[in-house]
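Residue-level structural notes
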Amino acid sequence: NNGIAMKSFPTWANEDSREEKTESDSSQLEEKNNSKGSHYFHPRDRNGKILRTRYTTERVQEAMSEYVEACFNARTEVERVLTKLSWDLVDEGHLPAILQAS
């Protein structure tokens, strides 16, 4: 549910890197700008709706995808380790001592 986008097209950016160009211009421009990751476009929200008042780049979108994947992998790993710890506490008979100490 997180996204990073700008409200306006950056003044320092080249006007050619905007999405709103003709088809013939955009194919040449996209090839040039995609190599740098500076092609600005309107992102989509979580429901797939285009956000016409926001701008982002492919590099930002890719970084956000990698971040979300890393968070998911971290949550999965923590869950696995805690589950193993819980089973170890039960299997090795430490549970009564823990309950008595509390």
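Residues numbered from 1 in each chain as written. Predicted model: local features only at pLDDT ≥ 70, side-chain atom pairs only at ≥ 80, totals over all residues. Heavy atoms only, no water.

**Description of the overall build of the chain**
Each helix and strand in the chain was counted, giving three helices and zero strands. Starting at the N terminus and walking to the C terminus, you meet the elements of the chain as α-α-α. Looking at the chain residue by residue over its 102 residues, the buried ones come to 17%. For the chain, the share of sequence-separated contacts (at least 6 apart) that also reach a separation of at least 24 residues comes to 31%. Here the chain displays about 8,300 Å² of accessible surface, and carbon together with sulfur accounts for 53% of that area. (Helix = DSSP H or I, 4+ residues; strand = E, 2+ residues; numbered from the N terminus. Buried < 20%, exposed > 50% of the residue type's maximum accessible area, 1.4 Å probe, protein only. Contact = heavy atoms within 4.5 Å. Areas by Shrake-Rupley, 256 points an atom, 1.4 Å probe, with all protein chains shown as cover.)

**Describing the side chain of His42**
Inspection of the secondary structure puts His42 in the loop between α1 (23-34) and α2 (58-91). A polar contact of 3.3 Å, which involves the side chain of His42, links it to the backbone oxygen of Arg52. (Polar contact = N/O pair within 3.5 Å; in protein donor to acceptor, adjacent residues only side chain to side chain.)

**Focus on the confidence of the model for the chain**
Averaged over the chain, the pLDDT score is 78; the fraction of residues at 70 or greater is 75%. Looking at the elements of the chain, mean pLDDT is at its lowest for α1, recorded as 46, and at its highest for α2, recorded as 93. Overall, residues 21-35 carries pLDDT values under 50, and its contacts beyond four positions in sequence, including any with other chains, amount to 13 contacts. (pLDDT = per-residue confidence, 0-100.)

**Details of the pattern of salt bridges**
Applying the stated criterion across every chain, the model contains three salt bridges. The salt bridge partner of Glu79 is Arg75, with a shortest N-O separation of 2.9 Å. Linking Glu79 with Arg75, this pair stays in helix α2, spanning four residues, or about one helical turn. Owing to a relative accessible area of 44%, Glu79 belongs among the partly exposed residues under this scheme. (Salt bridge = Lys/Arg side-chain N within 4 Å of Asp/Glu carboxyl O.)

**Quick look at a negative patch on the surface**
A cluster of acidic residues, Glu58, Glu62, Glu66 and Glu69, forms a negative patch at the surface. Among the secondary structure elements, Glu58 is positioned in helix α2. (Patch = residues over 30% accessible without salt bridge, like charges linked within 9 Å, V, L, I, M, F, W, Y side chains within 5 Å. Lys, Arg positive; Asp, Glu negative; His and termini not counted. Charge placed at Lys NZ, Arg CZ, Asp CG, Glu CD.)

**What about α2?**
Between its first and last C-alpha atoms α2 spans 49 Å; for 34 residues at 1.5 Å apiece the expected length is 50 Å, and the two agree. Phi turns positive, to about 80°, at Gly93, one or two residues after α2. (Expected span 1.5 Å × (residues − 1).)

**A word on a nonpolar patch on the surface**
Among the surface-exposed residues, Trp87, Val90, Leu95, Ile98 and Leu99 lie close enough to one another that they form a single nonpolar patch of about 500 Å² accessible area. Elements supplying a minimum of two residues to the nonpolar patch: α2 and α3 (95-101). You can see Val90 is positioned in helix α2. Residue classification places Val90 among the partly exposed positions, given a relative accessible area of 44%.

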